[in-house]
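A structural walkthrough
Each chain is listed here by its residues.
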Amino acid sequence: MVLVVVSSPKGGVGKTTLVANLAVALRRRGRNVTAVDFDSQNALRFLLAPNHESELGIARCTARGLPWSDAIVSGQDGVRVAPYGEATTAERLLMKDVLVEKALSEALASLARSPDEIVIVDTTPGEGRMQERLEALADLKLIVLLADAGSMALVPTYRGGLMLRPMAERPDTFGILNQVDPRRRLSRDIADFISAHAAERFIGVVHYDEALAEAAARGESVVGVAPGSVAAIDIDGIAASLDRLTSPGPY
Ligand SMILES: Nc1ncnc2c1ncn2[C@@H]1O[C@H](COP(=O)(O)OP(=O)(O)OP(=O)(O)O)[C@@H](O)[C@H]1O
Ligand SMILES: [Mg+2]
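Here is what the cut-offs are and how they apply
- Sequence order sets the numbering: in each chain, residues are counted from 1 along the sequence as written.
- To label them, take the chains in the order written and letter them from A, then take the ligands in the order written and number them from 1.
- The predicted origin of the model limits local features to residues at a pLDDT of at least 70 and limits the giving and counting of side-chain atom pairs to 80 or more, whereas totals for whole chains, interfaces and linings rest on all residues.
- To get the side-chain values, all heavy atoms of the structure are used, and hydrogens and water are removed first.
- A helix here means a DSSP run of H or I that spans at least four residues, while a strand means a run of E at least two residues long, and both kinds are numbered starting from the N terminus.
- A radius of gyration in this sense is built from C-alpha atoms; the matching globule rule multiplies 2.2 Å by the number of residues raised to 0.38.
- Only protein chains enter the accessibility calculation, which uses a 1.4 Å probe. A residue is then buried if its area is under 20% of the maximum for its type, exposed if over 50%, and partly exposed in between.
- The contact definition used throughout considers only heavy atoms, calling two residues in contact when any of these lie within 4.5 Å.
- In this description, accessible areas are obtained by the Shrake-Rupley approach with a 1.4 Å probe, and a residue is regarded as covered only by the protein chains that are shown.
- Two residue types count as positive, namely Lys and Arg, and two as negative, namely Asp and Glu; His and chain ends fall outside the count.
- One atom stands in for each charge, and that atom is NZ of Lys, CZ of Arg, CG of Asp or CD of Glu.
- One heavy atom suffices: a residue is near a molecule or strand as soon as one of its heavy atoms comes within 4 Å of it.
- Contacts described as polar in this section are N or O atom pairs within 3.5 Å, which, within protein, must combine one atom able to donate a hydrogen with one able to accept it, while residues neighboring in sequence count only if both atoms come from side chains.
- All residues other than Ala, Val, Leu, Ile, Met, Phe, Trp, Tyr, Cys, Pro, Asp, Glu, Lys and Arg, Gly among them, are scored as polar; the first ten of these are nonpolar and the last four charged.
- When a carboxyl oxygen of Asp or Glu is within 4 Å of a side-chain nitrogen of Lys or Arg, the pair counts as a salt bridge.
- What makes two strands pair is DSSP finding at least two bridges between them.
- Fitted lines through C-alpha atoms serve as axes, helices being fitted only where they are in contact, and the angles separating the N-to-C directions of these axes extend from 0 to 180 degrees.
- Handedness of a crossing follows from how the near helix is turned relative to the far one, being left-handed for an anticlockwise turn of less than a right angle and right-handed for a clockwise one.

1. Considering the overall build of the protein
In terms of helices and strands, the protein carries 11 helices and eight strands. Here the C-alpha atoms of the protein give a radius of gyration of 17 Å, agreeing with the 18 Å that 2.2 N^0.38 yields for 251 residues. Oriented by its inertia axes, the alpha-carbon framework of the protein measures out at about 50 × 40 × 40 Å. Split into buried and exposed, the 251 residues of the protein put 52% on the buried side. Sequence-distant contacts in the protein: of pairs separated by 6 or more residues, those separated by 24 or more amount to 77%. Total accessible area on the protein stands at roughly 11,100 Å², and carbon and sulfur atoms take up 52% of it. The average position of the 27 basic charges and that of the 32 acidic charges among the side chains of the protein differ by 2 Å.

Take a look at the structure:
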């Protein structure tokens, strides 16, 4: 299993959208992919497998001692989806108690069918306990930031300024700058700043593109329905880098 954890310091920045679209783009590049939702809002299932309404997800499986594979539903382009599912407050709290490092690691590993399968995880915003545990197990960490003043104000202090530090310090952590809009001066300036000072640390930029939200509203991925759109091209570029970084053997 190759574990990729997607997180962000702030909410609403596009994590779920990117997890869903990256999962489909990686599948289209021939990788086996399981997308796991650690957010009780269950947004990932809606994007990747809108026709499945199963209540069973990883939360209830954990609470009942069932394997997470029981929760898997099939999503777009053969992406497998492990939804968070329905859960009572007690089940949610139990999940946090039960999933300490070894149990979490085993539960995630049980989802992969081959050593090179990508398990990509969507998380809640911020830095909770579960987030910390997931990141401790991750092979690759993707941090989503918006090209806006709010996200950029966090950059110098977020994780000790990691997003501006040399790759040698944390070679497993990459940023994604989302919703870059060249029509807006601030957005353009931020994208230029990142490309001048942190090009290596950022695995890619995703432009603001209505096609993403439109595809999402229909429960589709932009790489599937609008492959020539700006966002689909950006996301496929990131998927290509992820594919290369997580393939066995010399790169
Ligand atoms: N590059 C983009 N261009 C246009 N719209 C985008 C882009 N990325 C995300 N969006 C839109 O932004 C909104 C928030 O995205 P999303 O739900 O993926 O964020 P999130 O980080 O998962 O939020 P939360 O923290 O609540 O889980 C959605 O309406 C999505 O369609
Ligand atoms: Mg989300």
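2. Observations concerning the environment of Arg 45
One can find Arg 45 in helix 2 (residues 43-48). Residue classification places Arg 45 among the buried residues on the basis of a relative accessible area of 17%. Between the alpha carbons of Arg 45 and Val 81 there is a distance of 6.8 Å; along the sequence they are 36 residues apart. With near-sequence residues (within four places) excluded, Arg 45 lies in contact with Asp 37, Pro 50, His 52, Glu 53, Val 81 and Pro 83.

3. Some thoughts on the site of ligand 1
With respect to spatial proximity, 17 residues lie near ligand 1, and among them Gly 12, Lys 15, Thr 16, Thr 17 and Asn 178 are the closest. Contact distances for ligand 1 include 2.8 Å between an oxygen atom and a backbone N or O atom of Gly 12. One of the side-chain nitrogen or oxygen atoms of Thr 16 is found 2.8 Å away from an oxygen atom of ligand 1. Alone, ligand 1 offers 640 Å² of accessible surface; in the complex the protein occludes 77% of this. Of all the secondary structure elements, the ones that give two or more residues to the shell around ligand 1 are helix 1 (15-28), strand 7 (173-180), strand 8 (202-207) and helix 9 (210-217). Of all the elements, helix 1 adds the most residues to the shell around ligand 1, at three residues. Of the residues that constitute the shell around ligand 1, the class distribution is six nonpolar, eight polar and three charged.

4. Quick word on the pattern of salt bridges
For the structure on display, the rule yields 16 salt bridges. Of the charged contacts, one joins Glu 117 and Arg 113 as a salt bridge, the two residues approaching to 3.0 Å between their closest N and O atoms. The class for Glu 117 is buried, based on a relative accessible area of 0%. For Glu 127, the salt bridge is made with Arg 159, and the minimal N-O distance between the two is 3.6 Å. Highlighted residues: Glu 127 in the loop between strand 5 (118-122) and helix 6 (129-137) and Arg 159 in the loop between helix 7 (149-154) and strand 7, separated in sequence by 32 residues.

5. Comments concerning the pairing of strand 1 (residues 2-7)
Taking burial as the measure, the six residues of strand 1 include six buried ones, the bulk of the element. With burial as the criterion, each face of strand 1 is covered, one bearing Val 2, Val 4 and Val 6 and the other bearing Leu 3, Val 5 and Ser 7. Both strand 1 and strand 5 contribute to a ladder of five bridges, which runs parallel. The residue of strand 5 that forms the bridge with Val 4 is Ile 120.

6. Digging into the pairing of strand 2 (residues 33-37)
For strand 2, the buried fraction is high: five of the five residues fall into the buried class. Because side chains alternate across strand 2, one face comprises the buried residues Val 33, Ala 35 and Asp 37, and the other comprises Thr 34 and Val 36, equally buried. Pairing between strand 2 and strand 5: five bridges, direction parallel. Looking across to strand 5, one finds that Val 33 is bridged to Ile 118.

7. Digging into the packing of helix 1 against helix 11 (residues 230-245)
Between helix 1 and helix 11, whose axes approach to 9 Å, the crossing angle comes to 65°. Considering how the two elements wind past one another, helix 1 and helix 11 form a crossing that is right-handed. Facing helix 1, whose interface residues are Leu 18, Asn 21, Leu 22, Ala 25 and Leu 26, helix 11 presents Ile 235, Asp 236, Ile 238, Ala 239, Leu 242 and Asp 243. Classifying every residue of the contact of helix 1 with helix 11 gives eight nonpolar, one polar and two charged.

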